[in-house]
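# Structural features, examined
The residues making up each chain are set out below.
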Amino acid sequence: MAMAPLLLFLSLSLGYFGVDSAYIAYNTSQQIVAGKLNVHVVAHTHDDVGWLKTVDQYYVGSNNSIQGACVQNVLDSMVTALLKDKNRKFIYVEQAFFQRWWRQQSEMIKETVKGFIDSGQLEFINGGMCMHDEATVHYIDMIDQTTLGHRFIKQEFGKIPRIGWQIDPFGHSSVQAYLLSAQVGFDALYFFRIDYQDKNKRKDLKELEVVWRASKTFGSSLDIFSGIFPKNYEPPPGDFYFEVDDKSPVVQDDHLLFDYNVQERVDDFVAAALAQANITRTNHVMFTMGTDFKYQYAESWFRNLDKLIHYVNKDGRVNALYSTPSIYTDAKFAANEKWPIKTDDFFPYADNPNAYWTGYFTSRPALKRYVRQMSAYYLAARQLEFLTGRSASGPTTDSLADALAIAQHHDAVSGTEKQHVANDYAKRLYIGYAEAEKLVTSSLACLTESSSKIGCSNPTTKFEQCPLLNISYCPPSEVDLSNGKFLAVVVYNSLGWKREDVLRVPVVSQYVSVQDSEGREVESQLLPLTNASLRLRRQHVKAYLGTSPTATPKYWLIFPASVPALGFSTYFISGSTKSGKVASLETLYPSQGSTMNSVAIGKGHLKLLFNANGGLYQYSDGKNLVNAGIGQTYKFYSSYNGSNTDPQASGAYIFRPDGTYPIEYEGTEPLMVMKGSIVDEVHQQINPWIYQITRAYKSKEYLETEFIVGPIPVQDGVGKEVVTEITTNIASNKTFYTDSNGRDFIKRIRDYRKEWHLQVDQPVAGNYYPINLGIYIQDESKELSVLVDRSVGGSSIADGQIELMVHRRLLVDDDRGVDEALNETVCTSYGCAGLVIQGKYYTRIDPVGEGAKWRRTFGQEIYSPLLLAFSEMDGGNWGSSHVSNFTAMDPSYSLPDNVALVTLEALEDGSVLLRLAHLYEVDEDKDLSVMASVNLKKMFPDKKVSKIVETNLSANQERYEMEKKRLKFKAADTGSETITRGSPVDPSELIVELGPMEIRTFIVNFNYIKLHKS
Ligand SMILES: [Zn+2]
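Residues numbered from 1 in each chain as written. Predicted model: local features only at pLDDT ≥ 70, side-chain atom pairs only at ≥ 80, totals over all residues. Heavy atoms only, no water.

## Describing the coordination of the zinc ion
Every protein donor of the zinc ion is accounted for by His46 (NE2), Asp48 (OD), Asp168 (OD) and His410 (NE2), and the metal-donor separations fall at 2.0 to 2.1 Å. Between consecutive donors of the zinc ion, the numbers of intervening residues give the motif H-x1-D-x119-D-x241-H. Placement of the pair is aspartate 48 in the loop between strand E1 (38–43) and helix H2 (55–60) and aspartate 168 in the loop between strand E4 (163–165) and helix H7 (174–179), with a sequence separation of 120 residues. Neither residue differs from the other here; aspartate 48 and aspartate 168 are each classed as buried. (Donors = N, O, S within 2.8 Å, 3.2 Å for Na, K, Ca; no water. Helix = DSSP H or I, 4+ residues; strand = E, 2+ residues; numbered from the N terminus. Buried < 20%, exposed > 50% of the residue type's maximum accessible area, 1.4 Å probe, protein only.)

Now the structure itself:
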């Protein structure tokens, strides 16, 4: 009812001259009211663990000319704001920041904050070290960074985060839903970035809140209630931003002052609530009151939120309350609604017709590779730390753990941060690596020195490692071995099964030979180091180390190694009077080309045929009886630079191609064909900035492609996105499969989405998906699989074809905030040049239905390469003073082919974290998609398990407790699948069963530790 003007004047005047406006006790104690629309006011801040500034700069609030952001201010001011009114609530998400802050607080503040946490005023949401990306991260890294945060919260506060809060990542993965949410025990998962077409449809149908059934294998048993915010993670439309410098109108309720606006602000709030209720089921809506780095002066927000809650409730049209995502989730659950079901995932993400966020799948390929390499190293280093005992005084893997955790942030490994921030992530990884390397070399010294049966304090053997082996730089192997010196190479295998692989190290002379630990000569092969490799080495050693290497290696020494499960073998490289076997080298000039002189390589089952221009055209595998035409080429997409009328450019986030250009072999450099007893290689300088090596190993039935791409030329003012393309005649019928975070394979259909009718505006970018393990296509007879060494974007743009984007260099920003062109360069004293990317991918063709074994087993080997450590000896007998072969497991035992050891880690309290993962989905392989069992007694034959407790995925609660507690939301369809999961572990039998795709986590106590040596 409208007030008469006179009455309004009277009431204003009374207020103006009254005394009641001096102090108002706001009633903020409102709870949920049945039968009313409840507006859950969630005060939150989104604190990126690095983006425009580094993580430390954000924390301390430095470098504010880039962005005025200081997380210390947020947390400091939160304390006073929460003290002021016990009804106020706040959530905090990023543990990397919280832990920095917590370390610095006084006992008094700590007690106060513990009080907030106990009373529910402050709640930890999500609870990992960062809010990890979901496209470019590997599931093992997701688990590790979540575990690190969750265990800290449990130990320090006794709390268990209940809610997944992935509010900013650019698309959402199945693995996030069924694994990192349901299996850590979350009751719900919230986010907002889904395709705009999908979102519009969901708004119309009130399907923004769903039950996400993300796993084929686990079906409804791992459903997770998922809420998609209608617009973003900011306050609702209507100007509700209350940072000190925000422009929204504050709630002015003092009659003594001008601009009194209570009714307008209440009306704005109610309008926003009703609008949101219109697209939401049940009478609960959530207002996410905050955004990036807000609440730096928390009182400014809470003052206004107090008033809004007070006056909105006096108004009475809706019910407003201080809430948290947990309270909101409980209210949704209590509503007892049946929710629509969502399957698969939310990739790719587009926020506009020409804005597919599929570029970041490949952005910063060098950082992506470094993260993956460090992840594998961390896994192996933790095993060694476990095997020799965690040292209280260090070195430990903790610093690498922290650096890796931060690197999983959605502006870190994603490649969407500023250059100086990318450098900071790499520096942190390196510092972590350097400490872990000390641990690895001393652990290996300890394990190899036979005198130290139980632990060891002062090992004397010095080991060196070669983290720059990828650019042919390995000082310990580049030594002169002519005077009786030899090199012991300890090869550690972090997998739970025995492994045969081929090693390569650079050497300076051809007069070398390789022996195994029995003194038997091992067949080896020498391959000349090409100019392309030496160039890469020269420039990057200088760039990374600031010095140029003294020696120049001439050959790769290549030899096969056989290494036991969770253990090592030792090989010896020594000088020799006779030359090693140098590969034959044939140089072919394209002018000699004719169909008559095609090139064949492959000494084993795999044979590859190339035409005289170096074009691959035939693949045959005599073991699997596959014979297929195949092609492999490069092309680039020119990047759209934006225009006044159509400004959306290709950038760090977004892939927007403007044309496709094939890259053909220019023929200025001859083709080099190197053949030897272990591997044959075809080397091709395709154009001045793409070099490629195709390998066929005698003992392996897949082809390995190594590429060196860059500097991508941009003098023409056009960014370029470089793609490698594999073509076959497989009739793939628009269908291909890509992995979710290295785990489940998801079916993709070109230009199609299962849940809505897709309007195709970007036929390439809109069909790109993230790839962490691999991609495959198939027809009725064959399947083609390609596996990758890092996270990349890829697709199948035509039937029979697979493409991977291996590198991108762009000249303009794509307007999503980073405000920098993705134009990576490397500077040395020679000057600056565009970044060169070196990497590998692996291709194989199988009879249909047979490909999974290779993808899973070899995929695990790619993730966990053998770890090499070198020790130089001046003669003498290594075997008399060292253990040459070792396995931590019973020598006759191996993990089943379908199980991987994902975590083996000595925790600070002396217990051990053990995680085992089944590698196959239901129905993925006829032999291996079955229940597997692991015998812990044989895995740890020299240790006695005194206690074993199965936990949830992030190891902060017991599994069965978690499963009892977790809210099971009703879905439109209840699901009637049969799920195979292992039964509880009997502590006397110690057999761990794993059903398909099952990951089981245990905290184990061993009551004595004795090292096993064989
Ligand atoms: Zn963010």
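So that's the structure; there's more coming.
## Let's talk about the pattern of salt bridges
Evaluation of the coordinates by the stated rule reveals 65 salt bridges. Measuring nitrogen to oxygen at the nearest pair gives 3.2 Å for the salt bridge that ties lysine 964 to glutamate 961. Here lysine 964 and its partner glutamate 961 are both found in helix H19 (residues 959–965), 3 residues apart, which amounts to about one turn of the helix. Classification of glutamate 961 as partly exposed rests on a relative accessible area of 43%. Within this structure, Arg504, Glu681, Arg695, Glu704, Glu706 and Lys840 form a network of salt bridges that share partners. (Salt bridge = Lys/Arg side-chain N within 4 Å of Asp/Glu carboxyl O.)

## Considerations on the sheet that holds strand E19 (residues 555–563)
Within the open sheet, the 3 strands sit side by side as E15-E19-E18. Their pairing is antiparallel. The open sheet is flanked by strand E15 (499–507) and strand E18 (525–528), the only strands paired with a single partner. Going from strand to strand, the sheet's axes swing by 30 degrees on average, the running direction of each strand aside. (Pairing = 2+ DSSP bridges. Axes fitted to C-alpha atoms, helices over the stretch in contact; angles between N-to-C directions.)

## A short note on the packing of helix H12 (residues 365–388) against helix H13 (residues 398–407)
As a packed pair, H12 and H13 sit with axes 10 Å apart at the nearest point and diverge in direction by 140 degrees. Regarding H12 and H13, the two cross each other, and that crossing is left-handed. Between H12 and H13, the contacting residues are Val371, Met374, Ser375, Tyr377 and Tyr378 on the first element and Leu400, Ala401, Leu404 and Ala407 on the second. Tallied by class, residues from the contact of H12 with H13 come to 8 nonpolar, 1 polar and no charged. (Left-handed = near helix turned anticlockwise from the far one by under 90°. Contact = heavy atoms within 4.5 Å. Nonpolar A, V, L, I, M, F, W, Y, C, P; charged D, E, K, R; others polar.)

## A short note on the state of the cysteines
Evaluation of the coordinates by the stated rule reveals 2 disulfides. The side chain of cysteine 466 participates in a disulfide bridge whose partner is cysteine 474; the two sulfur atoms lie 2.1 Å from each other. Every disulfide takes its handedness from the sign of the S-S torsion; for cysteine 466 and cysteine 474 that torsion is 65 degrees, giving right-handed. Taking the relative accessible area as the measure of exposure, cysteine 466 reaches 12% and is therefore buried. According to the relative accessible area criterion, cysteine 474 is buried, its value standing at 0%. Across the disulfide, cysteine 827 is cross-linked to cysteine 832 (sulfur-sulfur distance 1.9 Å). One disulfide, between cysteine 827 and cysteine 832, carries an S-S torsion of 110 degrees and so falls in the right-handed class. (Disulfide = S-S within 2.5 Å.)

## Notes on the side chain of asparagine 319
Residue placement: asparagine 319 occurs in strand E9 (residues 319–322). Side-chain polar atoms of asparagine 319 contact the side chain of asparagine 38, separated by 2.6 Å. Among all residues touching asparagine 319, those that are not within four sequence positions of it are Gln30, Gln31, Ile32, Val33, Lys36, Leu37, Asn38, Val39 and Asn313. (Polar contact = N/O pair within 3.5 Å; in protein donor to acceptor, adjacent residues only side chain to side chain.)

## Here we look at the confidence of the model for the protein
Confidence along the protein averages 94 in pLDDT terms, with 96% of residues attaining 70 or more. Scored below 50 in pLDDT, residues 1–19 shows 8 contacts in the model against residues more than four places distant or in partner chains. Confidence drops under a pLDDT of 50 for residues 1010–1014, and excluding neighbours within four residues, the segment shows 26 contacts in the predicted structure. (pLDDT = per-residue confidence, 0-100.)

## Examining helix H16 (residues 851–863)
When the terminal C-alpha atoms of H16 are compared, their 18 Å separation across 13 residues agrees well with the 18 Å that a helix rising 1.5 Å per residue should span. The buried count for H16 comes to 11 of 13 residues, which makes it a mostly enclosed element. Three or more residues of H16 are buried, namely Gly851, Ala852, Trp854, Arg855, Arg856, Phe858, Gly859, Gln860, Glu861, Ile862 and Tyr863. (Expected span 1.5 Å × (residues − 1).)

## Here we look at empty space enclosed by the protein
Scanning all chains against the criterion turns up 12 cavities of 30 Å³ or more. Surrounding the largest cavity, 17 residues form its lining, His138, Leu773, Gly859, Gln860 and Tyr863 being those nearest its centre. It is H16 that provides the largest number of residues to the lining of the largest cavity, a total of 6 residues. Here the residues of the lining of the largest cavity are counted per class, giving 6 nonpolar, 5 polar and 6 charged. Quantified by volume, the second largest cavity comes out at close to 130 Å³. Lining the second largest cavity are 15 residues, and of these Glu209, Ile228, Pro230, Gln276 and Tyr328 sit closest to its centre. Of all the elements in the fold, those that place two or more residues in the lining of the second largest cavity are strand E7 (224–228) and strand E8 (284–289). Looking at side-chain class alone, the lining of the second largest cavity contains 9 nonpolar, 3 polar and 3 charged residues. (1 Å grid on protein atoms, 1.4 Å probe; cavity = no way out; pocket = protein on both sides within 12 Å on 5 of 7 lines; lining within 4 Å. Points joined across faces, edges and corners; volume = space filled by probe spheres on them.)

## Here's the deal with helix H10 (residues 298–315)
Taking 1.5 Å of rise per residue, the 18 residues of H10 would be expected to cover 26 Å, and the 26 Å separating its terminal C-alpha atoms lies within 8% of that figure. Positive phi appears at glycine 316, one or two residues downstream of H10, with a value of about 90 degrees.

## Here we look at unusual backbone geometry
Here phenylalanine 347 and proline 348 are connected by a cis peptide whose omega angle stands at -10 degrees. Position of proline 348 among the secondary structure elements: in the loop between strand E11 (341–343) and strand E12 (350–352). With an omega of 0 degrees, the peptide bond between glycine 394 and proline 395 qualifies as cis. Within the chain, aspartate 259 stands out as a residue other than glycine whose phi angle is a positive 65 degrees. With respect to the element layout, aspartate 259 can be found in the loop between E7 and helix H9 (262–277). Residue aspartate 259 is classed as exposed on the basis of its relative accessible area, which comes to 64%.

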